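Residues per chain, in single letters:
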Amino acid sequence: GWLLLWLLLAVLKAQSSGEVRPKPLPCQQSPTRVSCKGAGLHEFPKELGQGVQHLELSNNFIQNLSESRVPWSGQLEHLDVCFNQLEAVSERALARLPRLRSLLLGSNRLDRNYVANGRAFRWLRNIEVLDLSANNLESHMAGWYLSNLTTLRRLDLSGNRMTRLPAGIFRSAPELGELNLSNNYIMVIEEGAFEALRDLRVLNLALNSLHCISSFTLTQLRVLNLSHNALELFDVEQEDEQHYLLQVLDLSHNHLLFFPELPHAHSLTHLNLSNNAIASLLPSSHHPAEFVLPYAGVARHDNNRSWSSMAHLTNVADLDLSNNHLHQFPFAFFHRLTSLHSLNVSMNCLQDVTKESLTGDTESGSSLWSQELVFLSVRALDLRGNFMHSLPHWFFDFLPHLESMDLGSNSLQPCGSRETSKGEISGGDAHAPAPGGTCTAFYNIPGLKHLSLHKNNIARLYPYTFNQTPLVSLDLSENKDLFMPKEALEGLEFSLQKLSLRGNQMHDSQAQFPCLDTLKVLDLSSNNLSLLPTGLFCSPLESLDIRSNNLVALEKPALASWSRSLQLVSVAGNPFDCCGLAWLDA
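Residue numbers restart at each chain and count upward from 1, following the sequence in its written direction. Given that the model is predicted, a residue must reach a pLDDT of at least 70 before its local features are reported, and side-chain atom pairs must reach 80 or more before they are shown or counted; all residues, however, enter totals for whole chains, interfaces and linings. Just so you know, side-chain values use all the structure's heavy atoms and leave hydrogens and water out.

Asker: Lay out the overall build of the protein with the relevant residues and their values.
Answerer: By the criteria applied, helices consist of DSSP H or I runs no shorter than four residues and strands consist of E runs no shorter than two, each listed in order from the N terminus. Of regular secondary structure, the protein possesses eight helices and 30 strands. Three labels apply to residues, based on accessible area from a 1.4 Å probe with only protein chains included: buried if under 20% of the type maximum, exposed if over 50%, partly exposed otherwise in between. Expressed as a percentage of its 586 residues, the buried residues of the protein come to 48%. For the protein, restricting intrachain contacts to residue pairs at least 6 apart in sequence, the fraction spanning at least 24 positions comes to 55%. Per-residue and other accessible areas were derived by the Shrake-Rupley procedure at a 1.4 Å probe size, with only the shown protein chains allowed to occlude residues. For the protein, the exposed area adds up to about 27,400 Å²; of that, 51% sits on carbon and sulfur atoms. Here, residues are in contact when the closest pair of their heavy atoms is within 4.5 Å.

Asker: Help me get a handle on the pattern of salt bridges, residues and values and all.
Answerer: Any carboxyl oxygen of Asp or Glu that lies within 4 Å of a side-chain nitrogen of Lys or Arg is treated as forming a salt bridge with it. Tallying each qualifying case throughout the model produces 11 salt bridges. Of the charged contacts in the structure, one is a salt bridge between R502 and E478, with a shortest N-O distance of 3.1 Å. Remark: E478 occurs in the loop between β26 (473-475) and β27 (498-500) and R502 occurs in the loop between β27 and β28 (521-523); sequence separation between them is 24 residues. Overall, the relative accessible area of 30% leaves E478 in the partly exposed class. A salt bridge links D523 to R502; its shortest N-O distance comes to 3.9 Å. Placement of D523 in strand β28 and of R502 in the loop between β27 and β28 is noted, with a sequence separation of 21 residues between them. When salt bridges that share partners are traced, they join E87, R109 and R112 into one network.

Asker: Could you give an account of the nonpolar core, naming the residues involved and the relevant values?
Answerer: Within this scheme, the nonpolar core is defined by two criteria: the residues are buried Ala, Val, Leu, Ile, Met, Phe, Trp, Tyr or Cys, and they are joined through side-chain atoms within 4.5 Å. Formed by 147 residues in total, the largest nonpolar core has its most connected members in F170 and F334. Listing elements by their share of this core, those giving two or more residues are α2 (91-95), α4 (139-145), β14 (212-216), β16 (233-236), α6 (331-335), α7 (393-397) and α8 (556-561). As annotated, the domain borders come from an automatic or database domain assignment. Taken together, domain 1 (26-209) and domain 2 (403-417 + 437-585) each give at least three residues to this core, which thus spans both. In contact with F334, not counting residues within four places along its chain, are L281, L319, L321, F329, L340, L343, V345 and L376.

Asker: Tell me about the environment of P575, residues and numbers included.
Answerer: With respect to the helices and strands, the residue P575 is situated in the segment after β30 (568-570). Separated by 24 residues in sequence, P575 and L551 have C-alpha atoms that sit 6.1 Å apart. Once residues within four sequence positions are removed from consideration, P575 is found in contact with N549, N550, L551 and V552.

Asker: Summarise unusual backbone geometry; cite the residues concerned and give the values.
Answerer: In this structure, Q468 takes a positive phi of about 60° despite not being glycine. Mapped onto the elements, Q468 comes out in the loop between β25 (450-452) and β26. By relative accessible area, which is 32% here, Q468 ends up partly exposed. Phi angles above zero are rare outside glycine, and S526 is one such case at about 60°.

Asker: Talk me through the state of the cysteines; I want residue IDs and the actual numbers.
Answerer: To count as a disulfide, a pair of cysteine sulfur atoms needs to be within 2.5 Å. For the coordinates displayed, the defined rule picks out three disulfides. Between the sulfur atoms of C515 and its disulfide mate C538 the distance is 2.0 Å. Highlighted residues: C515 in the loop between β27 and β28 and C538 in the loop between β28 and β29 (543-545), separated in sequence by 23 residues. For the unlinked cysteine C578, the closest cysteine sulfur is that of C579, found at 6.7 Å.

Asker: How would you summarise the environment of F375 if you had to cite specific residues and measurements?
Answerer: Tracing the sequence through the fold places F375 in the loop between β20 (342-344) and β21 (380-382). Given a relative accessible area of 42%, F375 falls into the partly exposed group. The spatial distance from the C-alpha of F375 to the C-alpha of A332 is 8.7 Å, given a sequence separation of 43 residues. Once residues lying within four places of it in the same chain are set aside, the contact partners of F375 are H335, D397, F398 and P400.

Asker: Which residues make up the packing of aromatic side chains, and what are the values?
Answerer: For this analysis, a ring pair means two rings from Phe, Tyr or Trp (six-membered ring only for Trp) whose centres lie within 6.5 Å, classed as stacked if their planes differ by under 30 degrees, edge-to-face if by over 60, and tilted for the remaining angles. Counted under the stated rule, the structure contains 18 aromatic pairs. When the ring of F216 is compared with that of F234, the centres are 5.5 Å apart and the planes differ by 40°; the resulting orientation is tilted. Here F216, found in strand β14, pairs with F234, found in strand β16; they are 18 residues apart in sequence, far enough to count as distant. The same class applies to F216 as to F234, namely buried.

Asker: Lay out the side chain of S322 with the relevant residues and their values.
Answerer: Of note, S322 is situated in the loop between β19 (318-320) and α6. With sequence-adjacent residues up to four places away left out, S322 is seen in contact with S274, N275, N344, V345, S346 and N348.

Asker: Outline the confidence of the model for the protein, supporting the account with residue identities and numerical values.
Answerer: In this model, the protein carries an average pLDDT of 86, and 82% of its residues clear a pLDDT of 70 or more. The low-confidence segment residues 284-305 (pLDDT under 50) makes 33 contacts with residues lying over four places distant or belonging to another chain. Long-range and interchain partners of residues 362-369, a stretch whose pLDDT sits below 50, account for nine contacts in this model, where long-range means more than four residues apart. Known as pLDDT, the predictor's confidence for each residue is given on a scale from 0 to 100.

Asker: Outline the side chain of Q510, listing residues and values.
Answerer: Mapped onto the fold, Q510 is located in the loop between β27 and β28. Given a relative accessible area of 12%, Q510 falls into the buried group. Within the structure, the side chain of Q510 is placed 3.2 Å from the backbone oxygen of D481, a separation counted as a polar contact. If we skip the residues at most four places from it in the chain, Q510 touches D481, L482, F483, M484 and Q505. Side-chain atoms alone can form a polar contact between residues adjacent in sequence; in general such a contact is a pair of N or O atoms within 3.5 Å, and within protein one must be able to donate a hydrogen while the other accepts it.

Asker: Residues and numbers for the environment of G408, please.
Answerer: Take G408: it is sitting in the loop between β22 (404-406) and β23 (419-421). Taking the C-alpha atoms as reference points, G408 and D382, separated by 26 residues in sequence, lie 8.7 Å from one another. When neighbours within four sequence positions are excluded, G408 is seen to be in contact with L383, R384, G385, S452, H454 and N456.

Here is the structure:
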């Protein structure tokens, strides 16, 4: 014991005096690749094979790249020096790497000695990929580093201190196809900044300070990310009829008040407008010009522009409008997006749907739209987090392809349906009203497979609530004191595979089940059950969550029936009787 203590004190004393240093981790080597990632290196390794093409030196303490530290042959094609302390790069060192195609220098200190380093970069005559992210570079520094990289195809300048993009900053890198400028402080993009980049396909300007894009002319772009800026306006240049190749546009987390003008974006498939301040998608029936923002530069907009702009968005398949200020669900607007499959309008201010929303006009006679023309192609619809109290059944009639629907965190009360004969629903006033006189009928929706009614303050389910709606998954979680009679889920016996009743604080008498022949995943956690519902015993459960209930034991008949199917059981938080755990044997 005393000997070990003496040795420990000796090591601590030696470390404090600098006599002992941690031994660098060995590098991993193969004939063409060497990785010294996190090896504690303070300089470049000297002894490398002649055929090394790929060298990884990230997460070390290297401060400079000089000729004396680069004794390797000129076979190197990829060099990663990210997350070091690199400040200086010599011309002669890079001159000895004529085949270098990929150079990763992110998270270093290249704002120091940038003039000399920039001159050294002129020897990167075959470079195609360059990472200069997180180097505290200002706009003029970045421009200097790029002044002669004519073969560059992919550039990362994210996480620097750039505040503007001056005209011609990328003039010396005309082959750029991917450009990442995210997480800077860019407020101004001068005219001509991207003019030389005729092959630019992917541009990331997220997390900057841009307020306005008033003449977007990058027709060749496929992907554009402008999220997390301060944009109030996004306006595509319309002076010519040249079509844009843009496929993915992210304008989320900005200050947009209206839907952007995209008249020639025929190829657009994914559009993200979430987390803005959009309050309306419809032009005013009397003053359509009010649909656009009153910027002086866009005064040329005509009355029909908003609707004609939509006519070109026929390929948009994914539209995200979550976290905006929409009060109405505009069928006519979404109808023009003929390829729309996924629509997210969650976390808005949507209230009850009325037939005026089919046209966007309270004067139905003055509308050019008839109700027969507003069917939507949507397959997945997210309406959670709104203020909806009911949905009329014709709402589902206009969504004939609907497969998945999230109505969580609203105030919807399901109707019930009485069946007159097996598999048939009676018409007229057959559905039982919910308290307050309004309810939503979730029966007879033949295409709907996935439904969430999470957190809707649902008090009870009525018989045959989902009859003739072949649900595969159903979420009824967090509806406190929900009463679910046995007949409520009848009609789902041969379709339902996943059911959540989590967090409902249901007692034994409130949770009754028919025989669900296809049910595989069941969540009954956070309730007040002391017995498992007997109706479950015939279900081929594979996953059962019964955490945080009042179960003292599990019934042997249930475990016997699930012995061949059950794979996962979560039982924590129950007052199990330690003297009666024979059910574990099953």
